[in-house]
Amino acid sequence: MPAAAELAWLIPVLPLLGACISGLGLISFNRTVNRLRRPVALLLISCVGASAVLSYAVLAEQIAGAGMTEVLFNWASAGTFNLPMGFRVDALGAVMLSLVTTIALLVMVYSHGYMAHDKGYVRFFTYLALFSSSMLGLIISPNLLEIYVFWELVGMCSYLLVGFWYDRDGAAHAAQKAFVVNRVGDFGLLLGILGLFWATGSFGFEEIGARLSDAVAGGTLSNGVAVLLCLLVFMGPMAKSAQFPLHVWLPDAMEGPTPISALIHAATMVAAGVFLVARLQPVYEPFSVVQTTIAVIGTITLFLGASIALTQMDLKKGLAYSTVSQLGYMMLAMGCGAPVAGMFHLVTHAFFKAMLFLGSGSVIHAMEEVVGHEPALAQDMRLMGGLRRWMPITSITFLIGCIAIAGIPPLAGFWSKDEILGQAFNTYPLLWGMGFVTAGMTAFYMFRLYFLTFEGDFRGNDKAMAAQLLAAAGRSGSEEESHEHHHAEHPHESSWSMTTPLVVLAVPSVLIGLLGTPWNSRFAFLIDPHEATEMAEHFSWSEFLPLAGASVAISLVGITVAVLAYLLHRIDLASEVAGRFPAINRFLANKWYLDAINDKLFVQGSRRIARQVLDVDSKVVDGVVNLTGLLTLGSGEGLKYFETGRVQFYALIVFGGVIALVALFGVLG
């Protein structure tokens with residue numbers, strides 16, 4: 001019987017097969033297939049479930065000590081040039097395969113309840129399966145070129161899913177924004193891949209790292225060019241993992257259905273950039289400038305995301321900026337030369353953030369029964385409050401997620417975030433300070449979300465507030481009425497298909513961090529046994545306790561401020577902070593003005609250039625063409641009078657021409 005690793009190629013193929021069957025059915029027999037909701041959902045969930053089982057088998061082999069499995073075939077060759085393709089399974093890939101299939105499976109089960117009444121139910125499940133296949137293919141890719149192919153497929157699926165409700169202007173614009181911003185990063189990634197192949201003659205990760213270092217050491221390639229190529233490749237992860245300044249697409253992508261936010265924008269697609277940086281550690285490690293750049297960009301991102309999240313009133317966008325911030329922590333770890341710490345935070349974050357997003361979807365789904373299907377109302381926390389008594393399962397799991405991301409032991413977020421901060425403290429103390437302050441901000445804004453949503457009095461029937469929010473969003477009251485259904489006066493708990501994934505995700509959100517304790521990190525032993533041994537040997541309680549204690553203390557300070565402000569109402573932050581520092585409040589509320597700057601420079605700038613090019617085309621290019629036509633027409637009109645049909649007239653013309661030539665030569669000669 002073949003080993004599970006040898007069958008790893010089936011992991012992306014099974015969801016792809018299911019997506020092709022349902023997709024071809026939609027194209028050929030649209031009405032019939034759209035009526036077969038349950039069979040299609042069962043088929044696609046079964047395909048992803050089979051991939052998950054195979055992924056767990058691969059992970060079990062890696063835990064048992066199996067080595068890397070790489071199966072390659074020659075995809076293209078010309079002379080001495082050979083381009084291998086295939087698949088590769090190692091410990092890092094096995095962890096990611098298990099993570100992605102688990103989250104994808106739970107999101108599909110959740111979507112059965114969330115999208116139950118959506119007319120695009122079958123199309124949505126088809127897109128989910130196609131995305132899962134693309135992401136899984138990316139994980140097992142053995143070289144940069146194959147990664148790039150699946151990288152673009154992931155981007156395409158993201159575009160389809162973010163713009164799923166394409167009849168909404170917000171969703172259509174968000175999909176276009178995500179696509180364009182990611183194209184910027186992907187252009188740099190492609191240039192970097194081609195440049196590294198030019199410099200090293202290989203697309204393999206280890207070969208590129210070794211040959212690039214040798215080329216720089218031998219003087220055949222300058223250090224500056226090598227650094228430039230590495231940074232060009234890093235542009236891809238910058239965009240995909242929403243790093244400053246290419247992070248602007250992620251909050252807008254919340255216009256898509258909430259299950260997409262949990263799958264793509266919490267656990268999988270945004271993690272692809274971090275995964276690629278981890279894969280490229282052999283390439284980046286010899287160049288300290290590249291590592292420092294990654295760490296600095298990660299630090300800016302983590303602080304930016306947390307600071308903007310402080311003022312968000314949209315539940316999903318608050319979680320979106322939280323995701324941006326946590327992705328910054330992961331990149332900080334990569335820049336500090338600690339890919340194991342970064343990947344561990346990726347895993348823990350995937351579980352509790354997916355749970356938080358699915359919890360927000362449960363809240364929004366319930367709120368729509370009260371305020372209607374207008375996102376400006378159903379997602380705004382100013383119309384929520386007091387949901388805990390009606391939604392106990394959602395509120396408890398959401399609270400667990402908040403405690404985990406705040407970094408309170410023994411939940412998962414504490415161990416992974418503390419490991420990153422410890423690495424940053426030893427490598428870049430200044431960047432550690434930013435990460436430390438952001439940890440307190442994270443605890444504050446997450447509990448702010450919780451208290452505004454689940455505690456206090458329910459505000460969903462406040463018509464004045466609803467009208468104010470609609471006016472602020474540029475909607476009219478008639479639009480609101482068209483969306484309203486008013487089935488209930490208060491929300492209700494979601495169905496089992498939506499609450500079961502929340503309960504399942506709550507378990508790893510609490511316990512999985514214990515696999516990464518710094519004195520005996522089983523996760524590190526799996527990913528990199530050598531680094532794990534070093535961690536265990538150099539572990540010191542005298543170093544760990546002060547840093548961990550400080551991290552927990554600042555998180556508790558953030559939670560305390562949130563309790564005083566939003567639960568007990570002892571502090572009025574609107575007057576105490578926003579009133580005293582209106583400029584800072586506006587700066588954060590306007591998202592550091594980055595969207596306005598991008599709109600001014602790139603959107604309006606490109607439109608201005610396009611208009612100028614159009615003017616040149618219409619006035620200069622078309623003018624030359626039109627002038628040529630007019631000259632031809634005019635000369636034809638003039639010459640037609642010389643065509644009389646009289647031989648005597650033609651002879652006169654010839655005689656006159658001869659005299660003119662004689663006179664001309666006489667003058668010149």
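Calculation criteria
Residues numbered from 1 in each chain as written. Predicted model: local features only at pLDDT ≥ 70, side-chain atom pairs only at ≥ 80, totals over all residues. Heavy atoms only, no water. Helix = DSSP H or I, 4+ residues; strand = E, 2+ residues; numbered from the N terminus. Buried < 20%, exposed > 50% of the residue type's maximum accessible area, 1.4 Å probe, protein only. Contact = heavy atoms within 4.5 Å. Areas by Shrake-Rupley, 256 points an atom, 1.4 Å probe, with all protein chains shown as cover. Lys, Arg positive; Asp, Glu negative; His and termini not counted. Charge placed at Lys NZ, Arg CZ, Asp CG, Glu CD. Domains from an automatic or database assignment. Buried area = accessible area lost by both parts, 1.4 Å probe. Salt bridge = Lys/Arg side-chain N within 4 Å of Asp/Glu carboxyl O. Axes fitted to C-alpha atoms, helices over the stretch in contact; angles between N-to-C directions. Parallel < 35°, antiparallel > 145°, perpendicular 65-115°, else oblique. Left-handed = near helix turned anticlockwise from the far one by under 90°. Nonpolar A, V, L, I, M, F, W, Y, C, P; charged D, E, K, R; others polar. Core = buried A, V, L, I, M, F, W, Y, C linked by side-chain atoms within 4.5 Å. Pairing = 2+ DSSP bridges. Phe/Tyr/Trp six-rings, centres within 6.5 Å; stacked < 30°, edge-to-face > 60°. Expected span 1.5 Å × (residues − 1). Polar contact = N/O pair within 3.5 Å; in protein donor to acceptor, adjacent residues only side chain to side chain.

Topic: the overall build of the protein chain
Right, on to step 1. Helix and strand counts for the protein chain stand at 30 helices and two strands.
Right, on to step 2. For the protein chain, the C-alpha atoms occupy an extent of roughly 115 × 70 × 60 Å along the three principal directions.
Right, on to step 3. Counting across all 669 residues of the protein chain, residues that qualify as buried make up 53%.
Right, on to step 4. Considering only contacts in the protein chain between residues 6 or more positions apart, those separated by 24 or more positions represent 79%.
Right, on to step 5. Working note: accessible area of the protein chain is about 28,800 Å², and carbon and sulfur atoms make up 67% of it.
Right, on to step 6. When the 36 positive and 46 negative side-chain charges of the protein chain are each reduced to one mean point, those points stand 8 Å apart.

Some remarks on the domain arrangement of the protein chain
Right, on to step 1. You can read the domains of the protein chain as domain 1 (1–142), domain 2 (168–286), domain 3 (294–463 + 492–571) and domain 4 (597–668).
Right, on to step 2. Put simply, the middle of domain 1 and the middle of domain 2, counted by C-alpha atoms, are 22 Å apart.
Right, on to step 3. Tallying the contact residues gives 24 residues for domain 1 and 18 residues for domain 2.
Right, on to step 4. When domain 1 packs against domain 2, the two sides together hide about 1,700 Å² of surface, and 78% of this comes from carbon and sulfur.
Right, on to step 5. Broken down residue by residue, the surface that domain 1 buries against domain 2 is led by R88, L92 and F131, which jointly contribute 26%.
Right, on to step 6. One can count two salt bridges joining domain 1 with domain 2.

Points about the packing of helix α16 (residues 339–371) against helix α19 (residues 412–427)
Right, on to step 1. Orientation of α16 relative to α19, taken along the N-to-C sense of each, is 155 degrees, at an axis distance of 9 Å. Between α16 and α19, the angle falls in the class roughly antiparallel. Crossing handedness for the pair α16 and α19: left-handed. Counting all contacts with α16, which are made through A341, F344, H345, T348 and F352, the residues of α19 involved are A412, G413, W415, S416, K417, E419 and I420.
Right, on to step 2. When grouped by side-chain class, the residues that make up the contact of α16 with α19 number six nonpolar, four polar and two charged.

Focus: the nonpolar core
Right, on to step 1. If you look at the biggest cluster of nonpolar residues, it comprises 195 residues, and the most contacted ones within it are M96, I103, F131, W249, Y284, M343 and M367.
Right, on to step 2. Residue contributions to this core peak at 19 residues, all from α16.
Right, on to step 3. Aside from chain neighbours lying at most four places away, what touches F131 is V154, C157, L161, L263, I264, T268 and M269.
Right, on to step 4. In terms of nonpolar packing, the next biggest core, distinct from the first, is built from 16 residues, L302, A341, I420 and F436 among them.

Topic: the packing of helix α1 (residues 10–28) against helix α3 (residues 37–63)
Right, on to step 1. For the pair α1 and α3, the least separation of the axes is 8 Å and the interaxial angle reads 175 degrees. Classified by the angle between their axes, α1 and α3 sit roughly antiparallel to one another. Along the contact surface, α1 presents L10, I11, L14, P15, G18, A19, I21 and S22, while α3 presents V40, L43, L44, C47, V48, A50, S51, L54, S55 and V58.
Right, on to step 2. In terms of residue class, the contact of α1 with α3 is built from 14 nonpolar, four polar and no charged.

Here's the deal with the pairing of strand β2 (residues 81–89)
Right, on to step 1. In this structure, strand β1 (residues 69–78) lies alongside β2, joined through nine bridges in antiparallel fashion. For T69, the partnering residue across the bridge sits in β2 and is V89.

With respect to the packing of aromatic side chains
Right, on to step 1. Tallied over the full model, the rule gives 28 aromatic pairs.
Right, on to step 2. Ring geometry for F444 against Y566: centres 6.1 Å apart, planes inclined by 50 degrees, an arrangement best described as tilted. Residue F444 is located in helix α20 (residues 429–454), and its partner Y566 is located in helix α26 (residues 541–567); the two are separated by 122 residues in the primary sequence.
Right, on to step 3. Given the relative accessible area of 13%, F444 is considered buried.
Right, on to step 4. An aromatic cluster of three or more residues is present, and its members are Y121, F124, F125, Y127, F164 and W165.

Describing helix α7 (residues 169–200)
Right, on to step 1. Helix length check: α7 (32 residues) gives 46 Å between terminal C-alpha atoms against 46 Å at 1.5 Å per residue, within 8%.
Right, on to step 2. Note on α7: the residue one or two positions beyond its end, G201, has a positive phi of about 75 degrees.

Digging into the side chain of T200
Right, on to step 1. With respect to the element layout, T200 can be found in helix α7.
Right, on to step 2. According to the relative accessible area criterion, T200 is buried, its value standing at 8%.
Right, on to step 3. Engagement of the side chain of T200 in a polar contact is seen with the backbone nitrogen of S202, the distance being 3.4 Å.

Remarks on the pattern of salt bridges
Two side chains that carry opposite charge are able to pair once their charged atoms sit near each other.
Right, on to step 1. Under the criterion given, the structure shown has nine salt bridges.
Right, on to step 2. Between E206 and R88 there is a salt bridge, and its shortest N-O distance comes to 2.9 Å. Of the two residues, E206 sits in helix α8 (residues 205–218) while R88 sits in strand β2, which places them 118 residues apart along the sequence.
Right, on to step 3. Exposure remark for E206: the relative accessible area of 39% places this residue in the partly exposed category.
Right, on to step 4. For D186, the salt bridge identified is with R183, shortest N-O distance 2.3 Å. With D186 and R183 both in helix α7 and three residues apart, this pair spans about one turn of that helix.

Here's the deal with unusual backbone geometry
Right, on to step 1. The peptide bond linking F244 to P245 adopts the cis configuration, its omega dihedral lying at 5 degrees.
Right, on to step 2. Relative to the elements of secondary structure, P245 occurs in the loop between α9 (223–240) and α10 (249–252).
Right, on to step 3. Note the cis peptide between P409 and P410, where omega equals 5 degrees.
Right, on to step 4. In this structure, P410 sits in the loop between α18 (392–406) and α19.
Right, on to step 5. Of note in the backbone geometry, A242 takes a positive phi value of approximately 55 degrees without being a glycine.
Right, on to step 6. Tracing the chain through its elements places A242 in the loop between α9 and α10.
Right, on to step 7. A positive phi is found at H569, a non-glycine position, where the angle reads about 60 degrees.

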